[in-house]
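One-letter residues, chain by chain:
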Amino acid sequence: MKYLLSLSSLLLSLILLEIFIRFIIDDGMIYEIEMMKYANEIKKISSNKKIGIEHKKNVKGTYMGAEVFLDKNGFRYNYSKKENNNKKILMLGDSMTFGWGAKDTFSDLLNQKIKTHDVFNAGIGNTNTIMQINNFFYNF
């Protein structure tokens, strides 16, 4: 009986702590919590060890107050794209290219300014140049 009461108290304490963190502390702007959500919800470990990390496909989430949409390739976009015959520009990079915490990314701004090209944002946070290049050549 004593062990059951201790176990129940511990379980209740953990549940209350989880509720407190999710609803009281987490306002969507704590960097460490948001990075953990980003890593768990829209990134995955690639089956190819040379790539390391890649984005999941067709997912969305809100991180650091910014909505993030990933398309069928795992590229970030904020505005719908029309299929056209424009030339394409692919931006490879890390969280800076991805636009971590930004509502409008650099690739979005280029898409608005350059009408003759479509700019694709293939940035993936926490990656390096070799991983990004391998991701491009193996997946695209």
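Higher on the page you've got the structure.
Here the structure is a predicted model, which means the values were calculated and not measured. (Residues numbered from 1 in each chain as written. Predicted model: local features only at pLDDT ≥ 70, side-chain atom pairs only at ≥ 80, totals over all residues. Heavy atoms only, no water.)

1. Observations concerning the overall build of the protein
Moving on, step 1. Helix and strand counts for the protein stand at 5 helices and 7 strands.
Moving on, step 2. Shown N-terminal to C-terminal, the secondary structure of the protein runs as helices and strands in the order α-α-β-β-β-β-β-β-α-α-β-α.
Moving on, step 3. Dimensions along the principal axes, computed over C-alpha positions, put the protein at roughly 70 × 30 × 25 Å.
Moving on, step 4. In the protein, buried positions account for 31% of the 140 residues.
Moving on, step 5. Intrachain contacts of the protein at a sequence separation of at least 6 include 62% that bridge at least 24 residues.
Moving on, step 6. Taken as a whole, the protein presents about 9,800 Å² of accessible surface, with 62% of it coming from carbon and sulfur.
Moving on, step 7. Distance between charge centres in the protein, computed from 19 positive and 14 negative side chains, equals 6 Å. (Helix = DSSP H or I, 4+ residues; strand = E, 2+ residues; numbered from the N terminus. Buried < 20%, exposed > 50% of the residue type's maximum accessible area, 1.4 Å probe, protein only. Contact = heavy atoms within 4.5 Å. Areas by Shrake-Rupley, 256 points an atom, 1.4 Å probe, with all protein chains shown as cover. Lys, Arg positive; Asp, Glu negative; His and termini not counted. Charge placed at Lys NZ, Arg CZ, Asp CG, Glu CD.)

2. Looking at the pairing of strand E3 (residues 60-63)
Moving on, step 1. Side chains Gly61 and Tyr63 of E3 all project onto a buried face; the interleaved residues Lys60 and Thr62 project onto a face where none is buried.
Moving on, step 2. Looking at chain direction, E3 and strand E4 (residues 66-70) are connected through 4 bridges and run antiparallel. What sits directly across from glycine 61, in E4, is valine 68.
Moving on, step 3. Taking the residues between adjacent antiparallel strands as the criterion, E3 and E4 are bridged by 2 residues, where methionine 64 takes a positive phi near 55°. (Pairing = 2+ DSSP bridges.)

3. Here we look at the nonpolar core
Moving on, step 1. Met35, Tyr38, Ile42, Tyr63, Met64, Val68, Leu70, Phe98, Trp100 and Ile124 form the largest nonpolar core, which has 10 residues in total.
Moving on, step 2. Contributing elements (two or more residues each) for this core: helix H2 (31-41) and E4. (Core = buried A, V, L, I, M, F, W, Y, C linked by side-chain atoms within 4.5 Å.)

4. Concerning the packing of aromatic side chains
What describes a pair of aromatic rings is the distance from one ring centre to the other and the angle between the planes of the rings.
Moving on, step 1. Applying the stated criterion to the full structure yields 9 aromatic pairs.
Moving on, step 2. Relative to tryptophan 100, the ring of tyrosine 63 has its centre 6.3 Å away and its plane inclined at 25°; by these criteria the two rings are stacked. Remark: tryptophan 100 occurs in the loop between helix H3 (95-98) and helix H4 (106-113) and tyrosine 63 occurs in strand E3; sequence separation between them is 37 residues. One exposure class covers both tyrosine 63 and tryptophan 100, and it is buried.
Moving on, step 3. Taking the centre distance of 5.0 Å and the plane angle of 45° together, the rings of phenylalanine 75 and phenylalanine 140 count as tilted. On the criterion of sequence distance, the pair formed by phenylalanine 75 in the loop between E4 and strand E5 (76-77) and phenylalanine 140 in the segment after helix H5 (129-139) is long-range, its members being 65 residues apart. (Phe/Tyr/Trp six-rings, centres within 6.5 Å; stacked < 30°, edge-to-face > 60°.)

5. Section: the side chain of glutamate 34
Moving on, step 1. One can find glutamate 34 in helix H2.
Moving on, step 2. In this structure the side chain of glutamate 34 is engaged in a polar contact, spanning 3.0 Å, whose partner is the backbone nitrogen of methionine 64.
Moving on, step 3. The contact partners of glutamate 34, leaving out residues within four places of it in the chain, are Asp26, Gly28, Met29, Thr62, Tyr63, Met64 and Trp100. (Polar contact = N/O pair within 3.5 Å; in protein donor to acceptor, adjacent residues only side chain to side chain.)

6. Topic: the side chain of aspartate 108
Moving on, step 1. Here aspartate 108 shows up in helix H4.
Moving on, step 2. Only 3.0 Å separates the side chain of aspartate 108 from the side chain of threonine 105, close enough to count as a polar contact.
Moving on, step 3. If we ignore the near neighbours within four places in the chain, the residues touching aspartate 108 are Asn78, Tyr79 and Lys103.

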